[in-house]
Protein chains: 4
Amino acid sequence: MIKEEDVITLWIDTKRTYLVKVRKGKKVGSDKGALNLDSIIGLEYGVEVTLSTGNKAYILKPTLIDIYNGLRRPSQVLYPKDIAYMIYSSGIKPGDTVIEAGTGSGFLTISLAHYLGDNGKVITYDIRQDMQEIAKKNVEFLGFSNRVIFKLKDVREGFDETNVDAIFLDMPDPWNVVKFAYHALKPSGSIVIFVPTVNQIEKTGIALKNNGFIDIHAEELILREYQIKENAVRPKNIGVMHTGYIIRGRKSLKSSV
Amino acid sequence: MIKEEDVITLWIDTKRTYLVKVRKGKKVGSDKGALNLDSIIGLEYGVEVTLSTGNKAYILKPTLIDIYNGLRRPSQVLYPKDIAYMIYSSGIKPGDTVIEAGTGSGFLTISLAHYLGDNGKVITYDIRQDMQEIAKKNVEFLGFSNRVIFKLKDVREGFDETNVDAIFLDMPDPWNVVKFAYHALKPSGSIVIFVPTVNQIEKTGIALKNNGFIDIHAEELILREYQIKENAVRPKNIGVMHTGYIIRGRKSLKSSV
Amino acid sequence: MIKEEDVITLWIDTKRTYLVKVRKGKKVGSDKGALNLDSIIGLEYGVEVTLSTGNKAYILKPTLIDIYNGLRRPSQVLYPKDIAYMIYSSGIKPGDTVIEAGTGSGFLTISLAHYLGDNGKVITYDIRQDMQEIAKKNVEFLGFSNRVIFKLKDVREGFDETNVDAIFLDMPDPWNVVKFAYHALKPSGSIVIFVPTVNQIEKTGIALKNNGFIDIHAEELILREYQIKENAVRPKNIGVMHTGYIIRGRKSLKSSV
Amino acid sequence: MIKEEDVITLWIDTKRTYLVKVRKGKKVGSDKGALNLDSIIGLEYGVEVTLSTGNKAYILKPTLIDIYNGLRRPSQVLYPKDIAYMIYSSGIKPGDTVIEAGTGSGFLTISLAHYLGDNGKVITYDIRQDMQEIAKKNVEFLGFSNRVIFKLKDVREGFDETNVDAIFLDMPDPWNVVKFAYHALKPSGSIVIFVPTVNQIEKTGIALKNNGFIDIHAEELILREYQIKENAVRPKNIGVMHTGYIIRGRKSLKSSV
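Residues numbered from 1 in each chain as written. Chains lettered and ligands numbered in written order. Predicted model: local features only at pLDDT ≥ 70, side-chain atom pairs only at ≥ 80, totals over all residues.

An unreviewed UniProt entry lists chain A under the name tRNA (M1A58) methyltransferase, from Sulfurisphaera tokodaii.

This is the structure in structure tokens:
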């Protein structure tokens, strides 16, 4: 049942997905019409609603992809396809504690918090206070504040934690952080790094090899969306050709550092 | 610390990753040398060990990708890249209850059980008893028996459950199950379907549209692994060009069924 | 040396490439400045020129890719990556005679005429007179009129020719033309077909198999353009994810038609 | 009509394509059966023949793709998809003169000779005599000797020619040759370079920019082959994920060299 203070997805169509908090007297609008949020309190999720224009829409429970589509984000965020694989390949599980740097708009933070569950913890570092304020609001909006610790600190000077289950890096020069990540990670734990250029693969991969990491992989995911139309199935013509590369490795105990 | 009965990864190199249960007196062998498992009890994860040949190897805590590489699987299983995105896009979280069909070798089952955590539940259907026996052993081997319920039943005749959080289908004719999935799902819940051919996208997509599902997408992920070599970074030459397509949708309350 | 009536490429930058005929008193303009074409007569190709704004530009001899970028085309045309492979895989050589349908804006026509040389011949069919008029102007503009024969006729009623070296089809329902293509082709000759959807692959492939064609392949080319930037090499982010599929086969003498 | 000394394609199936010269008394064999070449003299191309085992096969006129499949090649050669685009984007036409380095097994040489026609010329450089001997035999086998000039010389010391229409490089360190290519090319002419790693894109691209080339692009082509099967169309599972990158530019007259 939809309650006040729930964050819901207003789904009008694939290009019009809104993430809103249900509040009395609040409206949510789009070029396809507006919805009075009072009217949905007490209804069931999945319900069809009628916008002010007569257009139909649906109220859904937000998934991470809805959050991706609807989140306030001044900076580019990691794509769902990349986050999904970063989390999966890291081996983390509900209840784990992980480090992330940088925080950015907080979308990876939210994804991690979602996965780790009520007993998990995300410690997220950034050097920009303005960005972290936005991320904090995003995390709070989605009800994950109790799972996230924000730190305003340059990770090129090290992490405060030790024995964390995994470390996720999305920053321009991860190679400068690899040795600190080694110290912060528990043995056998995963480091997972996202970089947009091939040059960064090279520098990061070498830093991992030289700092006690094994099982090092660099991978790229290309996602193609298909048009589902009777007798005319094909990939969509224009799309995202490139986001970046995912580099991952695991801490061995052979560190030379 | 590595204990008896732990399932560990013996990591020799990228092509030699073994998944074994630590038992006294047991050996694990490869063409690169053997390891006496007695010798690792009490050591820390991440430790470097010496094989009978003098070669080095490492003992790691298994991630899902290690499990993918090491699992006994008579049938083809879903690839990690696909499972990662299927789970992510479904919106499921720790503690949820999901349905899966068919069980196959149980690798998706294990991935789901891993994600859902101790309070989650996977109900997995298959029509082949022999396959499900293997899946059961795999699930038990990894310690997830308490999170999985096995059912030997043809889902083309319906599911026993209602109000589940998500349904995952990996079967030849998912369109024959879509209407039953609608009934088993909670409103706003996700159905996520994997199919290898384009024809199946068409039939499945149409069935979803006609049976009360909205927010329907068909997507494909291509993974390229890179060679990380100083001054010679490039994708690996030969690889998996195609696994299949992921179709997803969400239950609205407008079902015409 | 650049002469009057030459078709030249005015290359300002990657996004500003103009195809123009050199005529006294004519100017060519862009948002980066204009060029008086008088001023380049008698200069060498490759020369740097200064636009009215002071910006620099270059005069190049048009390649097919320049023609692709600069041609007047009311309809979508085949992409260079696809045409290149269609021509290459067809086995045609200078002096050959080929059929094409439909003409469209004439870009494939021009590419074929370019390849076949002075002794080659392209017979191009279309049902739309307005489109063929545009194609005719394009072909004439580029000086290929003597290599191209235009026919206004529906190829679903057959071709007038026999014994042609290859047939190229870019039309919605090529399967309705396959049996006529068989009759028009010389034995061992290639048919090469472009279609945008997967459903068309299926129908076309089956028609080829059932009508005496062998060595049948369906292929797709994905082109990724890279940003060449020191220390930041990566594919461009947004691009063309899909154009279509190339289906090819060769005429055997086992026709059942 | 098939004549003695013709080079023909014996096409048994997609995986069994043989390139042979028709000679009296010669047989060509495969695991699917043998064919006495005497028996096909005087028949028409496209004809179905019966192998010693009773299996059927076809005699086709070789296309460049047949040559790719059937050529004797001790070294890896460029793939058809890459050569097709390299030639297309270069702007060369029948009758042109081009340089190529290195010769390798001669497959690009043959493709170029095929395209340039009887009045065209390929000047091909290599430093390895043994390889060039094989390439010579391949070129001769296909009847292109009159279109090709072989040179045993290190192009890192320069080219002998000037004013050529295009230059094609397939060698480990093309950046060391770029300035010589500039001198050998006619203004506005194309240089087209193939490299397998991303690091080589960077070095080559920078060398081109610094040596008077404009309109510089780096591109990559991914080819997916599809299985055409009724009701089961999909890409083939395993394939070539990566061959290399194509870098191209054109000579302006602004050289600083």
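That covers the picture; the talk isn't over yet.
Draft legend 1. Quick peek at the overall build of chain A. Broken down by element type, chain A carries 6 helices and 15 strands. Counting only C-alpha atoms and orienting by the principal axes, one finds that chain A spans roughly 65 × 45 × 30 Å. Expressed as a percentage of its 257 residues, the buried residues of chain A come to 53%. For chain A, the share of sequence-separated contacts (at least 6 apart) that also reach a separation of at least 24 residues comes to 62%. (Helix = DSSP H or I, 4+ residues; strand = E, 2+ residues; numbered from the N terminus. Buried ≥ 20, exposed ≤ 12 C-beta atoms within 10 Å, placed from the backbone. Contact = placed C-beta atoms within 7 Å.)

Draft legend 2. Structural view of the interface of chain A and chain C. Contacts between chain A and chain C engage 17 residues on the former and 17 residues on the latter. Among the elements that make up the side of chain A that touches chain C, the one with the highest residue count is strand S14 (residues 238–240) of chain A (3 residues). Split by residue class, the side of chain A that touches chain C holds 8 nonpolar, 6 polar and 3 charged. Pairing between S14 of chain A and strand S14 (residues 238–240) of chain C: 3 bridges, direction antiparallel. Paired with Gly239 of chain A across the two strands is Gly239 of chain C, which belongs to S14 of chain C. (Nonpolar A, V, L, I, M, F, W, Y, C, P; charged D, E, K, R; others polar. Pairing = 2+ DSSP bridges.)

Draft legend 3. Expanded view of the relation of the copies chain D and chain C. For the pair chain D and chain C, the best superposition has an RMSD of 0.0 Å and corresponds to a rotation of 180° with a translation of 0.0 Å parallel to the axis. Interpreted geometrically, this transformation is the action of a two-fold axis. When the interface residues of chain D are mapped onto chain C, 100% of them again fall at the interface, so both copies present the same face. (Least-squares fit on C-alpha atoms with pLDDT ≥ 70 in both.)

Draft legend 4. Spatial organisation of the relation of the copies chain A and chain C. Once turned by 180° and shifted 0.0 Å along the axis, chain A lies on chain C with an RMSD of 0.0 Å. Most of the interface of chain A is mirrored in chain C, where 100% of its interface residues are also at the interface.

Draft legend 5. Highlighting the environment of Val148 of chain D. Residues and elements named next belong to chain D. Summarising the element assignment, Val148 is placed in strand S9 (residues 148–152). Classification of Val148 by C-beta neighbours within 10 Å gives buried; the count is 23. Once the C-alpha coordinates of Val148 and Lys136 are considered, the two residues, 12 residues apart in sequence, prove to be 8.9 Å apart.

Draft legend 6. Spatial organisation of the interface of chain D and chain C. Between chain D and chain C, the contact holds 56 residues from the first and 56 residues from the second. Counting residues per element, the ones that place at least two in the side of chain D that touches chain C are strand S6 (56–60), helix H1 (64–70), helix H2 (80–90), strand S11 (185–195), helix H6 (198–210), strand S12 (213–227) and strand S15 (245–251) of chain D. Tallying contributions element by element places S12 of chain D first for the side of chain D that touches chain C, with 13 residues. Tallied by class, residues from the side of chain D that touches chain C come to 28 nonpolar, 13 polar and 15 charged. Where strand S12 (residues 213–227) of chain C lies against S12 of chain D, 9 bridges are found, and the strand directions are antiparallel. What sits directly across from Glu225 of chain C, in S12 of chain D, is Glu219 of chain D.

Draft legend 7. Representation of the nonpolar core in the model. Within the largest apolar cluster, 317 residues are counted, with the highest numbers of intra-cluster contacts made by Ile167 of chain A, Ile167 of chain B, Ile167 of chain C together with Ile167 of chain D. Once residues within four sequence positions are removed from consideration, Ile167 of chain D is found in contact with Val98, Ile99, Ala181, Ala184, Leu185 and Ile191 of chain D. (Core = buried A, V, L, I, M, F, W, Y, C linked by C-beta atoms within 7 Å.)

Draft legend 8. Layout of helix H4 (residues 129–141) of chain C. Residue and element names in this part refer to chain C. The end-to-end C-alpha distance of H4 is 18 Å, a good match for the 18 Å that 13 residues give at a rise of 1.5 Å each. Every buried residue belonging to H4 is among Gln132, Ala135, Asn138 and Val139, and all of these are buried. Within H4, the buried residues cover an arc of 115° as seen down the axis, which keeps them to one side. Among the exposed residues of H4, those pointing more than 90 degrees away from its buried face are Gln129 and Asp130. Looking one or two residues beyond H4, the residue adopting positive phi is Gly143, at roughly 80°. (Expected span 1.5 Å × (residues − 1). Arc of directions from axis to C-beta.)

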